[in-house]
Amino acid sequence: MPIMEIIGIAGSVSLLSGWRLYLCIFATGLAMRLDALPVPEHLASLGVLENPWVMGIAALGALAEFFADKVMWLDSLWDTVHTLVRPVGGALLALAIVDPSDPAMQVIAFLLGGGASLLAHGGKASARAVVNTSPEPFSNALISSAEDVATVGLLWAAYEYPTIAAGIAAALLVIVLALMWLAQRIIKRVFFRNARNNHAP
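Residues numbered from 1 in each chain as written. Predicted model: local features only at pLDDT ≥ 70, side-chain atom pairs only at ≥ 80, totals over all residues. Heavy atoms only, no water.

Undergrad: Hey, could you run me through the packing of aromatic side chains in this one?
TA: To describe a pair of aromatic rings, you give the distance between the ring centres and the angle between the ring planes. In the structure shown here, the tally under the stated rule is two aromatic pairs. Pairing phenylalanine 66 with phenylalanine 67 gives two aromatic rings, centres 5.2 Å apart and planes at 90°, and the pair type is edge-to-face. Exposure remark for phenylalanine 66: the relative accessible area of 37% places this residue in the partly exposed category. Pairing tryptophan 156 with tyrosine 161 gives two aromatic rings, centres 5.6 Å apart and planes at 85°, and the pair type is edge-to-face. (Phe/Tyr/Trp six-rings, centres within 6.5 Å; stacked < 30°, edge-to-face > 60°. Buried < 20%, exposed > 50% of the residue type's maximum accessible area, 1.4 Å probe, protein only.)

This is the structure in structure tokens:
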């Protein structure tokens, strides 16, 4: 498999893990077990994901996240708890994708995978913090459901079409950075508005 395809898959999986780590693990393992995702010999280390115990734990985590992520403020608490879990999980998934015979590439994949997951996690958490300022309760469920669908769809596309995986990773990176920039602007506007109101005579 060409190096750019490997990097693209690793980047896509890592970034998506910053959104839905458990869903990424479970969906990948399920697709492998059903032979819907033929794994080349190079990615044989991903075979551990179809282990029943790994899939069971990932399924429980994905189910808990599915509900927790749709409740206002509980989603932010869940994100806070997973600030360390998601980057480590994303780094390990990226590590499983690269060539195990190349130590330098493994170190690079681990560092970049963890960084990508942390960045995606930061974008998700920032956007969700802004959504939580809305008084109506439906925005969380709508955005969370969109994340669920996007994660499964993009994960399938990255594995099914490795040649476009790098493009998927780049698009995800742009989305994450845009979310963080937008969240920063909205939060700053809200705080400045409150500050002016508090100092108004």
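On we go from here.
Undergrad: Explain the layout of surface pockets to me, please; I cannot follow it from the model alone.
TA: Vacant regions in the atomic arrangement are exposed by a probe of water-molecule size rolled over the atoms. Size it by volume and the largest pocket reaches roughly 370 Å³. In terms of lining residues, the largest pocket is bounded by 21 residues, among which Ile7, Ala10, Gly11, Leu112 and Ala116 are the most central. For the lining of the largest pocket, the elements supplying multiple residues, two or more each, are helix H1 (3-33), helix H5 (103-131) and helix H7 (165-199). Top element by residues in the lining of the largest pocket is H5. It accounts for eight residues. Class assignment of the residues belonging to the lining of the largest pocket gives a composition of 16 nonpolar, five polar and no charged. (1 Å grid on protein atoms, 1.4 Å probe; cavity = no way out; pocket = protein on both sides within 12 Å on 5 of 7 lines; lining within 4 Å. Points joined across faces, edges and corners; volume = space filled by probe spheres on them. Helix = DSSP H or I, 4+ residues; strand = E, 2+ residues; numbered from the N terminus. Nonpolar A, V, L, I, M, F, W, Y, C, P; charged D, E, K, R; others polar.)

Undergrad: Sorry, what's going on with a nonpolar patch on the surface here?
TA: A cluster of nonpolar side chains, contributed by Leu84, Val88, Leu92, Val107, Phe110 and Leu111, occupies part of the molecular surface with about 570 Å² of accessible area. Looking at the nonpolar patch, the elements that each hand over two or more residues are helix H4 (85-97) and H5. Ranked by the residues each element gives to the nonpolar patch, the list is headed by H5, at three residues. The exposure class assigned to leucine 92 is partly exposed, which follows from its relative accessible area of 47%. (Patch = residues over 30% accessible without salt bridge, like charges linked within 9 Å, V, L, I, M, F, W, Y side chains within 5 Å. Areas by Shrake-Rupley, 256 points an atom, 1.4 Å probe, with all protein chains shown as cover. Salt bridge = Lys/Arg side-chain N within 4 Å of Asp/Glu carboxyl O.)

Undergrad: I would appreciate a short explanation of the nonpolar core in the present structure.
TA: Buried together is how nonpolar side chains tend to be arranged in soluble globular proteins. Residues Val13, Leu46, Ile97 and Tyr159 are the most contacted members of the largest nonpolar core, which totals 31 residues. Elements with a contribution of two residues or more to this core: H1, H4, H5, helix H6 (138-160) and H7. Top element by residues in this core is H1. It accounts for eleven residues. (Core = buried A, V, L, I, M, F, W, Y, C linked by side-chain atoms within 4.5 Å.)

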